[in-house]
Amino acid sequence: MALLIRNLAQVATPIGRTALRGRAMRDLRIHEHAVLVVDRGRIAYVGPERGNTIAISNDYDARGATAIPGFVDSHTHLPWAGYRESEFNRRLQGETYEEIAASGGGIASTVHTTRAASEEQLVANVIERARTMARHGTTSAEAKSGYGLNVADELKQLRAIARANETSPVRLVPTCLAAHEFPPEKRDASYVDEVISEILPAVAREQLTKYCDVFVERGVFSRDEGDRILRAGIALGFQPRLHADELSDTGAAALAVELHAASADHLMHVSDSGIAALAKSDTVANLLPGTSFFLMSQRYAPARALIDAGAIVSLSTDCNPGSSMTESMSMVMQLATLQMRMTVEESLTAATLNGAHSLGMANETGSIEPGKRADIALIDAPSYLHLVYHFGVNLVRAVMRDGEFIVS
Ligand SMILES: [Zn+2]
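These numbers were taken from a predicted model, which means no experiment stands behind them.

Rules and cut-offs
Residues numbered from 1 in each chain as written. Predicted model: local features only at pLDDT ≥ 70, side-chain atom pairs only at ≥ 80, totals over all residues. Heavy atoms only, no water. Helix = DSSP H or I, 4+ residues; strand = E, 2+ residues; numbered from the N terminus. Contact = heavy atoms within 4.5 Å. Donors = N, O, S within 2.8 Å, 3.2 Å for Na, K, Ca; no water. Tetrahedral: all angles 85-135°; square planar, octahedral: opposite > 155°, others 65-115°. Buried < 20%, exposed > 50% of the residue type's maximum accessible area, 1.4 Å probe, protein only.

Draft legend 1. Looking closely at the side chain of Asp153. Considering the arrangement of structural elements, one finds Asp153 in helix 5 (residues 151-165). Excluding anything up to four places from it in sequence, Asp153 contacts Arg115 and Gly148.

Structure below.
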């Protein structure tokens, strides 16, 4: 039954069954020339080959690869239809995101194409994106609704995630983001009531997700509206996540802490008091530097201040067709280090164990240690440092989830 993975240059992993914060984010465990034993979907042994006592029935030659935990991408918008490459090209020619949104582009255009798509089409789109994620080393990913913005189309997106999860190579964790934007046909507070009294209860009845999310932002949902929606969600059994302080400081980070949110995401404009609140909390500061990069902003989230204050920091792609069109977590690590001054070790912890914590899975995945699910990426490199050092290429050679190769 047991599989021996031998001839590894390195195994590099954070250690623990909960998130790491502050200095501890740098404490990777590095096993040089180790072997891994995988048994019944779980990691059974990590260490020198001579130390292994488990009977081996099969072996795999890693040919000098480095093993890291499969990435946990804890913020994506996977179930969408329709790309926005021409809007992207307009941005490159000088139009702003806000100007494009005002002319019917932006989230509204993806709402239009996603409403027009069938559930089957969304299932296929999610699986296709999950395959790309897997090829780049991701084994678990969060996936948000939020392009439906009415009962039927939010349910369609969440059902598509659930159906895709039955065959997706990547483990999917759904979030209801009905409060992503106001729908084009109802740009007023009555939509807040619809989310609270119709959409969230319908999602709860079908048990489609554990999480609900709100985009708290100037011009979108106010802090008070976010507070109302998320408290309604809590009453229905959901844990909050927040798009917080992305384009302006609205106090959303502090709101996330107050509501015991699983994560406060983006945080490019988080205030000093928001940083202090996150540092004292279990709410994960989830940073998405692909968005700053893709929107050509010089403004990145204050990763150093957050980590140095003691916050739990994770990293995600924010994979979506408008503001971050990528499935690559190694690209996100490159931005986290080269633009936000995180160390490679911090960024690997953020992209694996801390993301798993924010999705309630740190006990099961996010690190390579005995007892955890065998969610492992093998990279063509003599050390984990190459993940950032050797930038712009995909070093992932093989990926295992629950002990089965999903990329080989
Ligand atoms: Zn997002």
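Draft legend 2. Spotlight on the coordination of the zinc ion. Every protein donor of the zinc ion is listed here as His75 (NE2), His77 (NE2), His243 (NE2) and Asp318 (OD), and their distances to the metal cover 2.0 to 2.7 Å. Considering all four donor atoms around the zinc ion, angles at the metal cover 78 to 164 degrees and the coordination shape is irregular. Here the donor residues of the zinc ion share one chain and are spaced in sequence as H-x1-H-x165-H-x74-D. You can see His243 sitting in strand 12 (residues 239-244) and its partner Asp318 sitting in the loop between strand 15 (313-315) and helix 12 (329-338), a full 75 residues away along the chain. Of the two residues, His243 and Asp318, neither departs from the other in class, the shared state being buried.

Draft legend 3. Seen up close, the environment of His33. Here His33 shows up in the loop between strand 3 (29-32) and strand 4 (35-39). Accessibility expressed as a relative area gives 64% for His33, which makes it exposed. Put simply, His33 and Asp227 are 194 residues apart on the chain and 51 Å apart in space, counted from C-alpha to C-alpha. For His33, the residues in contact, after removing those within four places along its chain, are Leu8, Ala9 and Gln10.

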